[in-house]
Amino acid sequence: FNLIVLPSVVGIGVDNAVHIYHRYMDEGLGSLKRVLRTTGAAALMASLTTAFGFGAGIISHNVGLQSLGSLAVVGIASVFTATTIFFPGFLSLLERIHKS
């Protein structure tokens with residue numbers, strides 16, 4: 001079952017990044033704060049609901065399900081951090097390069 005978590009976590013990360021990037025392209029340069037406030041909040045809710053769903057296995061008596069739950073929660077938290085902190089930071093850097 002742990003093999004199911006890896007593609008799910010990667011897919012969640014890609015999905016969040018695509019939504020943030022698409023909204024950023026619609027809003028234009030200088031809109032990162034607004035994009036993160038709106039689309040970032042939606043990505044947070046989507047990530048949290050998925051993390052809670054997978055994370056329910058953490059309270060299981062089965063060690064395999066506990067492993068699945070903890071792997072999923074750590075992975076989802078990691079990709080959420082990457083798509084809401086590091087990816088916008090990269091976009092901000094590209095904005096600065098584009099302006100100069």
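Refer to the structure above for everything that follows.
Residues numbered from 1 in each chain as written. Predicted model: local features only at pLDDT ≥ 70, side-chain atom pairs only at ≥ 80, totals over all residues. Heavy atoms only, no water.

A. Highlighting the pattern of salt bridges. Scanning all chains against the criterion turns up two salt bridges. Between R23 and E27 there is a salt bridge, with the nearest N and O atoms lying 3.1 Å from each other. Highlighted residues: R23 and E27, both in helix 1 (residues 2–27), separated by four residues, approximately one helical turn. A relative accessible area of 28% means that R23 is categorised as partly exposed. Residue E27 is classed as partly exposed on the basis of its relative accessible area of 32%. A salt bridge links R34 to E27; the nearest nitrogen and oxygen atoms lie 2.9 Å apart. (Salt bridge = Lys/Arg side-chain N within 4 Å of Asp/Glu carboxyl O. Helix = DSSP H or I, 4+ residues; strand = E, 2+ residues; numbered from the N terminus. Buried < 20%, exposed > 50% of the residue type's maximum accessible area, 1.4 Å probe, protein only.)

B. Fine view of the nonpolar core. Counting eight residues, the largest nonpolar core consists of V5, V9, I12, A51, L68, A72, I76 and V79. Elements that contribute at least two residues to this core include exactly helix 1 and helix 3 (63–99). For this core, the element with the most residues is helix 3, which contributes four residues. Residue contacts for V9: discarding those within four places in its chain leaves A72, G75, I76 and V79. Counting five residues, the second largest nonpolar core, distinct from the first, contains I20, L32, V35 and L91. (Core = buried A, V, L, I, M, F, W, Y, C linked by side-chain atoms within 4.5 Å. Contact = heavy atoms within 4.5 Å.)

C. Quick peek at helix 3. For helix 3, with 37 residues, the first-to-last C-alpha span of 53 Å sits near the 54 Å given by 1.5 Å per residue. Where helix 3 bends most, at A82, the angle is about 30°. For helix 3, the capping residue at the N-terminal end is N62, with a side-chain oxygen 2.7 Å from the backbone nitrogen of G64. (Expected span 1.5 Å × (residues − 1). Bend = angle between axes of the 7 residues up to and from the residue. Polar contact = N/O pair within 3.5 Å; in protein donor to acceptor, adjacent residues only side chain to side chain.)

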